[in-house]
Amino acid sequence: MIQHHSFYGNEREVGRAIKESGIPREEIFVLTKIYPGSQYSNPEKAIQEALDKLDIGYIDMMLLHHPGINDVEAYKTMEKFVKQNKIRSLGLSNWYVEQIDDFVSKVNIKPALVQNEIHPYYQENEVIKYMQNRGFVVQAWYPFGGRGNTKALLNNKTIIEIAKRHRISPAQVILRWDLQNGVVVIPGSSNISHQIENISIFDFELTESEMQQIALLNKNEKHDWY
C-alpha cells in the first residue's frame, strides 16, 4: 500500500515511481485523501487533480482526511468517481463513534475503512471494537506514536522486554500487537532495513499475557489533534 495526499505534495512523484517501478499496477494499492477547506468545497476539482497528478489510471482508495464543512457532499462526489471506476473504494480518516453513524446514514457507499491515530499510548479499544462491529476495517496511523514520540514508545520497558523474549525489535512488537487486534497498520520509513523489519511480523505471535501487558500501557495520550 502507498499512502499520500495532496497536502503532502507528493502525488506526481508517487505516480512517476509507480510507473517506473516495473511492478504491475494491479499489485500496488494507492490510497489518497482530500482535505477539509478548499478541497471539500470543490471536491470534483480536488479529486480530478489527484487523478491527473498521479496519472496511474485509477485510485484504489480515497479518504476524507477528517470531518469538516461540506464533508458529506465531498464524499458523495467521491461516490460519483467510484461509479466511473476512477476510484475503487472509499473511507474516512479521524472519524469517531459520535460521528460515524450520522455520517454513514447520509451517504450511499459504506466506507470500507476508518483510519485513526492508534498506538500503545492511545489504544482506542472501544472505538476499534465499535468500528469493527459495524463492518469497517480499522487502520492505524502513527503506529509508533508519531513525530517526537517514537523514541519514547520504542524504548518502553515492557515493549523492550517482549521484543527480547521473541528476539525481534520493539517496532515489530507494536505492529504485531496491532495485527492481533485486527488493525491494519501503515508504518512509514525511507530506511530499507526498517521497511523489511516492518513487514517481517508474520512468523511469530504475541501471547495473551503479552497482549494484556501492552494493553496496560494505554495512557489515552493523543499525539495529534484530529
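Residues take numbers from 1 onward in each chain, read along the sequence in its written order. At least 70 in pLDDT is required for a residue's local features to be given in this predicted model, at least 80 for side-chain atom pairs to be given and counted, and no such filter applies to totals for whole chains, interfaces and linings, which use all residues. Only hydrogens and water are set aside; all other atoms, that is, all heavy atoms of the structure, feed into the side-chain values.

### Things to note about the pairing of strand β2 (residues 30-34)
Part 1 of the argument: Extensive coverage of β2 is indicated by the burial of five of its five residues.
Part 2 of the argument: Here β2 shows no split at all, with Val30, Thr32 and Ile34 on one side and Leu31 and Lys33 on the other all buried.
Part 3 of the argument: DSSP bridges decide pairing: two strands pair if at least two such bridges lie between them. Under the scheme used here, helices are H or I runs from DSSP no shorter than 4 residues and strands are E runs no shorter than 2 residues, and both carry numbers assigned from the N terminus. Two strands pair when backbone bridges link them, and β2 and strand β3 (residues 59-64) are joined in this way by four bridges, in the parallel orientation. Directly across from Lys33, in β3, lies its bridge partner Leu63. Remark: exposure states derive from per-residue accessible area (1.4 Å probe, protein chains only) relative to the maximum for the residue type, with buried under 20%, exposed over 50%, and partly exposed in between.

### A few points about the packing of aromatic side chains
Each aromatic ring pair is summarised here by two numbers: the centre-to-centre distance and the angle between the ring planes.
Part 1 of the argument: Whether two aromatic rings pair depends on their centres lying within 6.5 Å, for rings of Phe, Tyr and Trp, where Trp uses its six-membered ring; planes under 30 degrees apart make the pair stacked, over 60 edge-to-face, and the rest tilted. Counted by the stated rule, this structure contains three aromatic pairs.
Part 2 of the argument: Ring geometry for Tyr75 against Phe103: centres 5.3 Å apart, planes inclined by 90 degrees, an arrangement best described as edge-to-face. Here Tyr75 is found in helix α4 (residues 71-83), whereas its partner Phe103 is found in helix α5 (residues 97-104), with 28 residues between them in sequence. Taken individually, Tyr75 and Phe103 each receive the classification buried, so the pair is uniform in this respect.
Part 3 of the argument: Taken together, the ring pairs connect Tyr75, Trp95 and Phe103 into an aromatic cluster.
Part 4 of the argument: Here, over-ring charges are defined by two tests on the NZ atom of lysine or the CZ atom of arginine: distance to the ring centre within 6 Å, and angle to the ring normal within 35 degrees. Above the ring of Tyr58, the side-chain terminus of Arg88 is found at 3.7 Å from the ring centroid.
Part 5 of the argument: Looking at Arg134, its charged tip hangs above the ring of Tyr130, at a distance of 3.4 Å from the centre.

### Regarding α4
It helps to recall that an α-helix has 3.6 residues per turn; residues three or four apart then point in one direction.
Part 1 of the argument: A helix's residues, less one, multiplied by 1.5 Å, set its expected span. Between its terminal C-alpha atoms α4 stretches 19 Å, which fits the 18 Å expected from 13 residues at 1.5 Å a residue.
Part 2 of the argument: Among the residues of α4, those classed as buried are Asp71, Val72, Ala74, Tyr75, Thr77, Met78, Glu79, Phe81 and Val82.
Part 3 of the argument: Those residues of α4 hidden inside the fold are in contact with β2, α2 (38-41), α3 (43-54), β3, β4 (87-93) and α5.
Part 4 of the argument: Trailing α4 by a residue or two, Asn85 shows a phi angle of about 65 degrees, which is positive. We call two residues contacting when some pair of their heavy atoms lies within 4.5 Å.

### Points about the environment of Glu197
Part 1 of the argument: Checked against the element boundaries, Glu197 lands in helix α10 (residues 192-199).
Part 2 of the argument: For Glu197, a relative accessible area of 24% translates into the label partly exposed.
Part 3 of the argument: With 29 residues separating them along the chain, Glu197 and Ile168 place their C-alpha atoms 8.9 Å apart.
Part 4 of the argument: Apart from residues no more than four positions distant in its own chain, Glu197 is found in contact with Ser169, Ala171 and Gln172.

### Some details on the nonpolar core
Part 1 of the argument: Grouped together as the largest cluster of nonpolar side chains are 58 residues, with contacts concentrated most on Ile34, Leu64, Met78 and Ile87.
Part 2 of the argument: The leading source of residues in this core is α4, at six residues.
Part 3 of the argument: Residues contacting Ile34, with those up to four places away along its chain left out, are Gln39, Tyr40, Pro43, Ala46, Ile47, Met62, Leu63, Leu64, His65, Ala74 and Met78. By nonpolar core we mean a set of buried residues, namely Ala, Val, Leu, Ile, Met, Phe, Trp, Tyr and Cys, connected to one another through side-chain atoms within 4.5 Å.

### Remarks on the side chain of Asn94
Part 1 of the argument: Looking at the secondary structure, you find Asn94 in the loop between β4 and α5.
Part 2 of the argument: Among the polar contacts listed, one links the side chain of Asn94 to the side chain of Trp141, at a separation of 3.1 Å. In protein, a polar contact requires one atom able to donate a hydrogen and another able to accept it; more generally it is a pair of N or O atoms within 3.5 Å, and residues adjacent in sequence count only if both atoms are side-chain atoms.

What is shown is where atoms sit, not what they do.
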